[in-house]
Amino acid sequence: MESETLNKHRILVLGANGQLGREFARLAPSYEYCHFRFDGRDVTDIMDENSVSAAIHEFAPDYVINCAAYTAVDKAETDRDACFATNAKACQHISKAVKKADARLVHFSSDYVYHSYDGFPLTESSPTRPQGVYAQSKLEGEKLIRESGVQALILRTSWVVSSFGHNFVKTMLRLGREKEQLNVVSDQFGTPTYTLHLASAVMDILIQTETNPDKMPLFNDTYNYSPEGIISWYDLAKEIMNLEGLDCKVLPIPTTAYPTPAVRPHWSVMSKRKIRAAFDLETSHWHAALRECLEDLDKSGL
Ligand SMILES: NC(=O)c1ccc[n+]([C@@H]2O[C@H](COP(=O)([O-])OP(=O)(O)OC[C@H]3O[C@@H](n4cnc5c(N)ncnc54)[C@H](OP(=O)(O)O)[C@@H]3O)[C@@H](O)[C@H]2O)c1
């Protein structure tokens with residue numbers, strides 16, 4: 001079934017050397033009936049309109065999966081132009097080239113676009129009050145994609161963890177081995193998203209929309225995507241130490257005791273009701289996602 005529906009589909013992954021981009025590359029052999037191309041910044045710089053349109057023209061993809069982003073949240077506070085060029089302006093010309101090629105776009109946004117709290121999980125229609133340059137650039141990128149009229153699946157995800165690249169799990173493992181004690185903020189709540197689950201969910205959505213014409217209109221929309229459950233960074237750090245048998249003591253601190261250039265949302269818990277209603281996806285609990293990510297890191301010897 002899968003091999004028929006996505007047979008010979010051409011998928012161009014941009015930002016191929018990041019956490020998520022590398023996860024798609026790892027998954028690609030399981031979708032051997034698709035034709036993937038993986039472009040890092042060295043091949044296709046998304047800030048360069050000509051570079052993007054050349055890549056899309058040459059490869060003639062059915063889908064472009066944009067994993068490229070400016071993700072240095074704190075650095076962005078003093079590097080606004082580069083952050084907006086990558087996370088916002090680039091979305092405009094990626095969309096233009098994808099639309100011209102009559103292809104579809106998959107793009108990733110962030111829980112940071114919300115920065116609001118009403119006591120419930122954030123839904124896609126919750127107010128967006130992004131604080132900080134990175135958060136504002138991600139919301140602007142979404143807006144430019146929608147305005148372009150391209151067929152685009154926008155997934156707002158949170159707290160991305162992976163065996164690739166830099167993330168909280170890998171930082172905690174390193175610090176947990178080096179230090180006896182660690183302070184971690186306990187008043188920011190969210191859900192860690194494992195790249196393998198996110199990339200697999202995207203592939204499932206592509207297959208479902210290709211298989212079922214009724215689902216195709218659902219592709220062109222914005223959805224939250226993260227696992228189930230709620231956790232604070234502090235409790236997540238404690239659970240990482242626990243699962244890895246590390247002796248490092250984790251102490252809770254308030255955000256005010258760990259000031260950062262970019263303000264972080266206290267509430268990053270997102271409702272997945274909309275994406276679950278639209279597509280048939282396996283959704284895991286954050287604990288299962290964490291365990292899988294740690295097993296993956298163990299296997300890689302990291
Ligand atoms: N990480 C998180 O916790 C998190 C949370 C919510 C949402 N997201 C979103 O999820 C998506 C994937 O994030 P991630 O964690 O995989 O990010 P990541 O590991 O930082 O990877 C981003 C990739 O984009 C590349 N890139 C940056 N500027 C580029 C350009 N001009 N042209 C081409 N490539 C460029 C980077 O290349 P260089 O290495 O050369 O800079 C890097 O390989 C992003 O849209 C991000 O905003 C992430």
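To keep things clear, this report deals only with the structure shown in the data block. (Residues numbered from 1 in each chain as written. Predicted model: local features only at pLDDT ≥ 70, side-chain atom pairs only at ≥ 80, totals over all residues. Heavy atoms only, no water.)

The next point concerns the environment of P121. Counting through the fold element by element, P121 comes out in the loop between β4 (104-110) and α5 (133-148). Along the sequence, P121 and Y258 sit 137 residues apart, while their C-alpha atoms lie 25 Å from each other. In contact with P121, not counting residues within four places along its chain, are W267, V269, M270 and S271. (Helix = DSSP H or I, 4+ residues; strand = E, 2+ residues; numbered from the N terminus. Contact = heavy atoms within 4.5 Å.)

In this section: the nonpolar core. The biggest cluster of nonpolar side chains holds 34 residues, and the ones touching the most others in it are I11, F24, I65, F108, M203 and L206. Of all the secondary-structure elements, those providing two or more residues to this core are β1 (10-14), α2 (19-27), β3 (63-66), β4, β5 (151-157), α7 (195-211), α8 (216-219) and α10 (273-278). Residues within four places of I11 in sequence aside, it is in contact with C34, H35, F36, R37, F59, Y63, I65, M203 and L206. L182, V185, Y194 and I240 belong to the second largest nonpolar core, which has 28 residues in total. (Core = buried A, V, L, I, M, F, W, Y, C linked by side-chain atoms within 4.5 Å. Buried < 20%, exposed > 50% of the residue type's maximum accessible area, 1.4 Å probe, protein only.)

Once that is clear, we can look at unusual backbone geometry. Within the chain, A60 stands out as a residue other than glycine whose phi angle is a positive 50°. Following the sequence through the fold, A60 ends up in the loop between α3 (49-59) and β3. The residue H115 is not glycine, and still its phi comes out positive at about 45°. With respect to the element layout, H115 can be found in the loop between β4 and α5. H115 sits in the buried class, given a relative accessible area of 19%.

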